[in-house]
Amino acid sequence: MTSRTALIAGNWKMYKTGDDAVETARRLLDLVKDVRDRDIMIAPPFTALSQVSQIVNGTPVGLGAQNLYWEKEGAFTGEISPEMLTAAGCQYVIIGHSERRQFFGETDETVNQKIRAANANSLIPVFCIGESEQERDSNLTFSVLDKQVQSGLQGFASGDLERLVIAYEPVWAIGTGKTATSSQAQEVHSFLRSLVEKLFGEILAQSIRILYGGSVKPNNIVELMGMPDIDGALVGGASLDAETFSKIVCY
Ligand code: PGA
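First, a word on scope: everything that follows refers to the structure included in this document. (Residues numbered from 1 in each chain as written. Predicted model: local features only at pLDDT ≥ 70, side-chain atom pairs only at ≥ 80, totals over all residues. Heavy atoms only, no water.)

Brief notes about the nonpolar core
So, point 1. Grouped together as the largest cluster of nonpolar side chains are 66 residues, with contacts concentrated most on Ile 42, Leu 153 and Tyr 212.
So, point 2. Setting aside residues up to four positions removed in sequence, Leu 153 forms contacts with Asn 112, Ile 115, Phe 127, Leu 161, Leu 164 and Phe 200.
So, point 3. Counting 13 residues, the second largest nonpolar core, distinct from the first, contains Leu 7, Ala 9, Val 126 and Ala 167. (Core = buried A, V, L, I, M, F, W, Y, C linked by side-chain atoms within 4.5 Å. Buried < 20%, exposed > 50% of the residue type's maximum accessible area, 1.4 Å probe, protein only. Contact = heavy atoms within 4.5 Å.)

Description of the packing of helix α1 (residues 18-32) against helix α2 (residues 49-56)
Each pair of packed helices gets described by two things: the angle between the helix axes and the distance between those axes.
So, point 1. Taken N-terminus to C-terminus, the directions of α1 and α2 make an angle of 20°; their axes are 9 Å apart at the nearest point. With respect to each other, α1 and α2 are oriented roughly parallel. Judged by the sense of rotation from one axis to the other, the crossing of α1 with α2 is right-handed. In this structure, α1 uses Gly 18, Asp 19, Ala 21, Val 22, Ala 25, Arg 26 and Leu 29 to contact α2, whose residues at the interface are Gln 51, Val 52, Ile 55 and Val 56. (Axes fitted to C-alpha atoms, helices over the stretch in contact; angles between N-to-C directions. Helix = DSSP H or I, 4+ residues; strand = E, 2+ residues; numbered from the N terminus. Parallel < 35°, antiparallel > 145°, perpendicular 65-115°, else oblique. Left-handed = near helix turned anticlockwise from the far one by under 90°.)

Points about helix α8 (residues 182-200)
An α-helix turns once per 3.6 residues; consequently, residues spaced three or four apart project the same way.
So, point 1. The first and last C-alpha atoms of α8 sit 26 Å apart over 19 residues, in line with the 27 Å expected at 1.5 Å per residue.
So, point 2. Ser 182, Ala 185, Gln 186, Val 188, His 189, Leu 192, Arg 193, Leu 195, Val 196 and Phe 200 are the residues of α8 that are buried. (Expected span 1.5 Å × (residues − 1).)

Regarding the sheet that holds strand β5 (residues 124-129)
So, point 1. The eight strands lie next to each other as β1-β2-β3-β4-β5-β6-β7-β8, forming a closed barrel whose pairing is parallel. Across the sheet, the mean angle from the axis of one strand to that of its neighbour is 25°, orientation sign disregarded.
So, point 2. As paired strands, β5 and strand β6 (residues 165-168) are joined by four bridges and run parallel to one another. Bridge assignment links Cys 128 to a residue of β6, and that residue is Ala 167.
So, point 3. Across the sheet, helix α11 (residues 242-249) touches β1 (7-11), β2 (39-43) and β8 (232-235), and the angle it forms with β1 is around 155°. (Pairing = 2+ DSSP bridges.)

Quick look at α2
So, point 1. Inspection of α2 places Leu 49, Val 52, Ser 53, Ile 55 and Val 56 among the buried residues, and these make up the whole buried set. With its buried residues spanning 160° around the axis, α2 presents them on a single face.
So, point 2. A positive phi of about 80° marks Gly 58, the residue just after α2. (Arc of directions from axis to C-beta.)

Let's talk about the site of the ligand
So, point 1. In the vicinity of the ligand, 13 residues are found, and the nearest of them are Lys 13, His 97, Glu 169, Gly 175 and Ser 215.
So, point 2. At a separation of 2.6 Å, an oxygen atom of the ligand approaches a polar side-chain atom of Glu 169.
So, point 3. At 2.6 Å, a backbone N or O of Gly 175 approaches an oxygen atom of the ligand.
So, point 4. Relative to its free-state accessible area of 280 Å², the ligand is covered by the protein chains to the extent of 97%. (Near = heavy atom within 4 Å. Polar contact = N/O pair within 3.5 Å; in protein donor to acceptor, adjacent residues only side chain to side chain. Areas by Shrake-Rupley, 256 points an atom, 1.4 Å probe, with all protein chains shown as cover.)

Some details on the side chain of Gln 66
So, point 1. Here Gln 66 lies in the loop between β3 (61-65) and α3 (82-87).
So, point 2. A distance of 2.9 Å separates the side chain of Gln 66 from the backbone oxygen of Ala 43, its partner in a polar contact.
So, point 3. Among the polar contacts listed, one links the side chain of Gln 66 to the backbone oxygen of Pro 44, at a separation of 3.4 Å.

Some words on the environment of Met 225
So, point 1. In this structure, Met 225 sits in helix α10 (residues 221-225).
So, point 2. Under the relative-accessibility criterion, Met 225 is labelled buried at 13%.
So, point 3. The sequence separation of Met 225 and Glu 99 amounts to 126 residues, and the corresponding C-alpha distance is 24 Å.
So, point 4. Each residue touching Met 225, except ones within four places of it in the same chain, is listed here: Ala 6, Ile 230, Asp 231, Gly 232 and Tyr 251.

Shape descriptors only; they carry no functional weight alone.
Okay, structure coming up:
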């Protein structure tokens, strides 16, 4: 039997001003305030973090950022340090989302440095990986994921990864309405857990949480969560509305 606590995380991407984010967070909190048997996280844009933190601080809803930079401070125009995120109230940070890899030049190496920085600052990294449609069609899914995991986690020992969360998000399923079937997702999650076991041992493999992401909605969450190696979801579009997201949280 596994004792992994499910995590349902909302990635708000580049949506919502501070006031909009506060309103959504308030409504969400009202709907999920009694949930105790799973973890919940929302990741508003940077500009809304402090305001949303005032709402969710001390509640079952955790706060995450969507990115960080690994330096403590300095002449890095436009970047945000781990210390700034913890000071703004974050407990989590999403790292290596496919949109950052696709549009903003993130590589396995920068992802590795960001995970290291999150760890050093007690932020829980939500480490995103996933294959493109072309890679899946060319039967490269497992080799792509193998490389993303090995490079992203290079140089870490199992003790460094106890809080790490992996989010498997097939790029072809993000924002497209095309969810991986629960068996497609389970196949990959099982592969990822075996890979973590090979690299870091059985104890970490059994405890690490692996989320699925890509067009998760209220109508597919139950089936996904019924899979033995799916420990939660990273939700984009369907996390923007408090009612819809609360249905996913309370699947
Ligand atoms: P989606 O996004 O739920 O809108 O597909 C998921 C994500 O990008 O994390």
